[in-house]
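A closer look at the structure
As a plain string of letters, each chain reads:
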Amino acid sequence: HNILWRKDSYLIFAKANGIDLNDFKSTMKRCREQLFQVRDKRIKPSLDDKILLNWNALMTTAFVKAYKALEDEEYLSIAIQNMDFLLKTFEGETHFYHTYKNGKRQHQAFLDDYAFLIAALLQLFEVTQNTIYLTKADELTQFVINEFFDKASKLFFFTSANQTDLITRTKDLYDNALPSGNSTMVHNLQQLGILLGKENYKAIAYAMLTQVQSSIEKYPTSFAKWATAMQNTVYPTHEIAIIGSQALAKAKVVSQQFIPNRVIMAAKVPNEAYPLLEGKTVGNDTLIFVCKNYTCQLPVKTVEEVLEIV
């Protein structure tokens, strides 16, 4: 009897109670206005309008994936602008920060912040092939290894070594509503290990998976992102290298395809700085190489041929 909300429509309620519909609507309008005037005098709830690094990084990844699926250039533009904002706003002299509001940065960034940011950088690299994103992802990954990695457990702490205001350092492993920083770092290390030819990154990712293998097998729904990383180990990642004058255009089309376990690198000419791009002769054509562990099949020219291979 004391609940103001009624699920019935105005018409049904008016008929059921013998009220003229127009009179009932006028009465309800007047009541709402009176209620609003009273409510407006109350202290309003506080607004949580701080900006979080980890959530914005996740949002950047979401916009890139939406761009790949829908080919809406505005989504890519938003992702690039947001990444520029994050790198400009959250990076301090010695570390990134977790929150930002009204020109003030606070709290040292946690593992999730770095892991999600690196993942977003890798997503942007895939669709733009701008090596600035790849280089920054590598820089941040090395920082995370130096500051967060526990050599004893082969896993990452949630807080960095230079954060001294905590009694203890914990490790978050479960993939809940958000994936864990540790499982995200495994994916980051796997991809960067391939793109940059860094065997130490691959070794850390493998060691991390070994530590949680039994948990993944027993509780797969709590370790979903871990499980996909393990799949990338059992079924090696497709390494897709595209070289030639139309490399960037073809890379864009390939990135739109559903090939879950893949990395993509494209350039107009071979580049000895990256193992996927070195030592490949293409002539006047734009060729697509599909490789595993840097061993490539015969190159093809079309995305349709790529999909047949993978």
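Residues numbered from 1 in each chain as written. Predicted model: local features only at pLDDT ≥ 70, side-chain atom pairs only at ≥ 80, totals over all residues. Heavy atoms only, no water.

Further remarks concern the overall build of the protein chain. From N to C terminus, the protein chain includes 11 helices and 9 strands. Taken over C-alpha atoms, the radius of gyration comes to 26 Å for the protein chain, far larger than the 19 Å a tight globule of 310 residues would show. Principal-axis analysis of the C-alpha atoms gives the protein chain an extent of 85 × 55 × 45 Å. Counting the 310 residues in the protein chain, one finds 42% classified as buried. If you take every contact in the protein chain between residues at least 6 apart in sequence, the share linking residues at least 24 apart comes to 58%. For the protein chain, the exposed surface amounts to about 17,900 Å²; the carbon and sulfur share of it is 54%. The centroid of the 34 positive side-chain charges in the protein chain is displaced by 7 Å from the centroid of its 33 negative side-chain charges. (Helix = DSSP H or I, 4+ residues; strand = E, 2+ residues; numbered from the N terminus. Rg over C-alpha atoms; globule rule 2.2 N^0.38 Å. Buried < 20%, exposed > 50% of the residue type's maximum accessible area, 1.4 Å probe, protein only. Contact = heavy atoms within 4.5 Å. Areas by Shrake-Rupley, 256 points an atom, 1.4 Å probe, with all protein chains shown as cover. Lys, Arg positive; Asp, Glu negative; His and termini not counted. Charge placed at Lys NZ, Arg CZ, Asp CG, Glu CD.)

In this structure, Leu117, Leu134, Phe156, Leu189 and Trp226 are the most contacted members of the largest nonpolar core, which totals 65 residues. A total of 12 residues in this core trace back to one element, the largest contributor, which is helix 5 (residues 111–128). Those residues within four positions of Leu134 in sequence are excluded, and the remaining contacts are Leu122, Phe125, Leu192, Leu195, Leu196, Met265 and Tyr274. By size, the runner-up hydrophobic cluster in this structure holds 13 residues, among which are Ile242, Ile264, Val303 and Val306. (Core = buried A, V, L, I, M, F, W, Y, C linked by side-chain atoms within 4.5 Å.)

What follows is about the packing of aromatic side chains. In total, this model carries 12 aromatic pairs according to the counting rule given. The interplanar angle of 85° and the centroid separation of 6.4 Å between the aromatic rings of Phe85 and Phe90 together place this pair among those described as edge-to-face. By relative accessible area, which is 29% here, Phe85 ends up partly exposed. Judged by centre distance (5.2 Å) and plane angle (40°), the rings of Tyr114 and Phe143 are tilted. Linking Tyr114 in helix 5 with Phe143 in helix 6 (residues 131–148), this pair joins segments that are 29 residues apart in sequence. By relative accessible area, which is 2% here, Tyr114 ends up buried. Of the aromatic side chains, those joined through ring pairs into one cluster are Phe96, Tyr114, Phe143 and Phe148. Between Lys280 and the ring centre of Phe289, over which it is positioned, the NZ or CZ distance is 5.6 Å. (Phe/Tyr/Trp six-rings, centres within 6.5 Å; stacked < 30°, edge-to-face > 60°. Lys NZ or Arg CZ within 6 Å of the ring centre and 35° of its normal.)

This model, assessed by the stated rule, comprises 1 disulfide. Note on cysteine connectivity: Cys291 is disulfide-linked to Cys296, with sulfurs 2.0 Å apart. The sign of the 90° torsion about the S-S bond sets the Cys291-Cys296 disulfide as right-handed. (Disulfide = S-S within 2.5 Å.)

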